[in-house]
Amino acid sequence: MDSLQTSIQQPGETKSTTIQSMPAQPTLTAKKRVVIAGSGFGGLRVAEKLRKNCEKSIEIIVIDSADCHTFAPALYSVATGETSAQAVCEPLSVIYIRKGIKYIQEKIVNIDVKKKIVSTKKYKKLNKNDKATNTIPYDFLVLAVGSEVNFYGIKGIQKNAFSLKTKEDAAAIYKHLQKVIATMQDKQFHRLVVLGGGVTGVELACELKDHLDNVCMQNNIPREKFSVMLIQAVDHLVPGFPAKVQKFCEHYMAEHGIELRVDSPVVQAKRQLLILKSREIIKADTVIWAGGIKANRLLGSVEVEQDEYGVKVNSYLQSVSNQNIYAVGDCMNYNDQKTGKRALKTAQNALHQANVVAENICKATKGRDDFASYRPKETPVLISLGKKMGLFIWKNFWFRGYWMMKMKDYIEKEYMWKIRL
Ligand SMILES: Cc1cc2nc3c(=O)[nH]c(=O)nc-3n(C[C@H](O)[C@H](O)[C@H](O)COP(=O)(O)OP(=O)(O)OC[C@H]3O[C@@H](n4cnc5c(N)ncnc54)[C@H](O)[C@@H]3O)c2cc1C
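Each value, and the rule that gives it
Residues numbered from 1 in each chain as written. Predicted model: local features only at pLDDT ≥ 70, side-chain atom pairs only at ≥ 80, totals over all residues. Heavy atoms only, no water. Near = heavy atom within 4 Å. Areas by Shrake-Rupley, 256 points an atom, 1.4 Å probe, with all protein chains shown as cover. Helix = DSSP H or I, 4+ residues; strand = E, 2+ residues; numbered from the N terminus. Salt bridge = Lys/Arg side-chain N within 4 Å of Asp/Glu carboxyl O. Buried < 20%, exposed > 50% of the residue type's maximum accessible area, 1.4 Å probe, protein only. Expected span 1.5 Å × (residues − 1). Pairing = 2+ DSSP bridges. Axes fitted to C-alpha atoms, helices over the stretch in contact; angles between N-to-C directions. Parallel < 35°, antiparallel > 145°, perpendicular 65-115°, else oblique. Contact = heavy atoms within 4.5 Å. Nonpolar A, V, L, I, M, F, W, Y, C, P; charged D, E, K, R; others polar. Disulfide = S-S within 2.5 Å.

1. Points about the site of the ligand
Around the ligand sit 30 residues, and of these Gly 42, Asp 64, Ile 108, Asp 330 and Ala 347 come closest. Alone, the ligand offers 990 Å² of accessible surface; in the complex the protein occludes 85% of this. When contributions to the shell around the ligand are tallied by element, the ones reaching two or more residues are α2 (41-54), β6 (107-112) and α10 (347-365). Per-element accounting of the shell around the ligand gives the leading share, three residues, to α10.

Take a look at the structure:
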């Protein structure tokens, strides 16, 4: 890491970067530097594709504050301990050493788009004269910093609820569950409440229910000591999916003993209590928030056109206000002119967008302008409803059954296996 940091030229010294007050295409003579901010699904895929198809004409630097690449769709099962954190995380240092790509594990604190410089906060100062920040100039920047949890300003939620966004969140839930189970003997009743009935909330509630079935059986704990409840603000689960899928989820969960409350927005959380808009008060010993995401706060300091959904991009996935900046995944906002729909914030879309971004940056560094256009695809979605049921949904078709759940499991394993190659 240190040798990498010292090898990074400072803005005044860089040969490849022309620092200008207005965004412009870089000069096309020297090797161009592409800085990738964030190495989740989108950032890692851009780096891999550039490395494979464009390496000779560019220098790639990836920056991420996390120590590992996480397969977030499997976090619900890390939260219950059914899957280990190691199974769904791969250290970024290992990934990038294997791929021969420069990687810096530091938090990006500022991006100056006029000077084309990314500033990061160092984890360790080498000595007392060492600066606390690093500055890394770029010719092209890929914003792939993802999203963060949105608590929608609901009073008390952030303080009184767990969330499920990172492997650390999943580990915190697991640790808490272990403690609850270990101290259960002298407690009468424990209700776990999942807030949010999108895919993440539904999957988590089903997984928790199956996990508690097993734990109670193995430890001779009466099952009725635990209950799992899911509270959804609107009047249906998994918004955006066909009505039949929504109904099936509702019936399946209710049939399997999950308490469901739809059309029940929560307005306040207190210690072990939730207050609904209807003024009903619900006892909630453990609360897990799965209610939504918002743009990464870093974007607030980046001078590119954006709104609450992220950085606005054109069909080349370039920032609409700066042609040297591209954005992928959860941190970008692409509005399909044909359908008027925004691209969904999913791992599959981030991967698809990353392919387009890598192709276009590669062309730009070679002075070509026959850029690829992003066409949003309706990709199949798999939803797991615990250990025995899964759903496969593609457009208006859907299938259900044990093997759909297994397919989701297989996709996780295949993805992790591939990034470990
Ligand atoms: C619990 C859960 C379940 C999900 N299930 C599914 C599913 O079943 N199917 C599906 O398609 N999608 C699913 N998603 C959504 C999917 O994970 C995201 O859409 C996807 O991760 C977006 O990819 P990304 O590259 O934009 O961002 P991310 O994968 O979130 O990566 C962003 C990266 O940026 C880094 N970063 C952020 N800020 C900084 C900073 N200031 N400095 C340096 N680095 C920074 C982060 O450390 C992270 O590594 C799920 C998400 C969650 C949380």
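2. A closer look at the pattern of salt bridges
Oppositely charged side chains may form a pair once their charged atoms are brought near each other. Per the stated rule, a full pass over the model turns up 25 salt bridges. One salt bridge connects Arg 223 with Asp 213, and the closest N-O pair in it is separated by 2.5 Å. Of this pair, Arg 223 sits in the loop between α8 (199-218) and β13 (226-231) while Asp 213 sits in helix α8, placing them ten residues apart in sequence. Judged by its relative accessible area of 26%, Arg 223 is partly exposed. The salt bridge involving Asp 409 is made with Lys 406; its shortest N-O contact spans 3.7 Å. Of this pair, Asp 409 and Lys 406 are both found in helix α11 (residues 402-419), three residues apart, which corresponds to roughly one turn of the helix. The exposure class assigned to Asp 409 is partly exposed, which follows from its relative accessible area of 26%.

3. Description of α2
Its 14 residues place the ends of α2 19 Å apart at the C-alpha level, agreeing with the 20 Å of an ideal helix rising 1.5 Å per residue. Within α2 the residues assigned to the buried category are Phe 41, Gly 42, Gly 43, Leu 44, Val 46, Ala 47, Leu 50 and Cys 54.

4. Things to note about the sheet that holds strand β8 (residues 133-137)
Each strand in a sheet pairs with another by means of backbone hydrogen bonds, the pair being arranged parallel or else antiparallel. Here three strands make up an open sheet; going across it, the order is β6-β7-β8 and the pairing antiparallel. Only two strands of the sheet have a single neighbouring strand rather than two, namely β6 and β8. On average, each strand axis in the sheet is tilted by 25° relative to the strand beside it, whichever way the strands run.

5. Remarks on the sheet that holds strand β26 (residues 390-394)
Across the sheet, which stays open at both edges, the three strands sit in the order β25-β26-β27 with antiparallel pairing between neighbours. Pairing within the sheet leaves two strands with one partner each, and these edge strands are β25 (381-384) and β27 (397-401). Neighbour-to-neighbour, the strand axes of the sheet open up by a mean angle of 15°, direction not taken into account. In the sheet, β25 pairs with β26 via four bridges, with the strands oriented antiparallel. Its bridge partner lying in β26, Leu 382 is registered against Phe 392.

6. A closer look at the packing of α2 against helix α5 (residues 92-99)
The description of two helices packed together rests on the angle between their axes and the distance between the axes. It is at 11 Å that the axes of α2 and α5 come closest, and there the two elements cross at 10°. By the angle between their directions, the pair α2 and α5 is classed as roughly parallel. Contact with α2, carried on its side by Leu 44, Ala 47, Glu 48 and Arg 51, involves Ile 95, Tyr 96 and Lys 99 of α5 and no other residues of that element. A breakdown of the residues in the contact of α2 with α5 according to their chemical character gives four nonpolar, no polar and three charged.

7. Describing the state of the cysteines
As enumerated under the stated definition, the model contains one disulfide in all. Covalent S-S linkage joins Cys 54 and Cys 362, the inter-sulfur distance amounting to 2.3 Å. Negative torsions about the S-S bond denote left-handed disulfides, and the value of about 105° found for Cys 54 with Cys 362 makes this one right-handed. Here the residue Cys 54 occupies a position in helix α2, and Cys 362 occupies one in helix α10, the gap between them amounting to 308 residues. Of the two residues, Cys 54 and Cys 362, neither departs from the other in class, the shared state being buried. Cys 68 takes part in no disulfide bond, and the closest cysteine sulfur, belonging to Cys 89, lies 3.6 Å away. Residue classification places Cys 68 among the buried residues on the basis of a relative accessible area of 10%.

In short, the description is geometric, and any link to function would need to be established separately.
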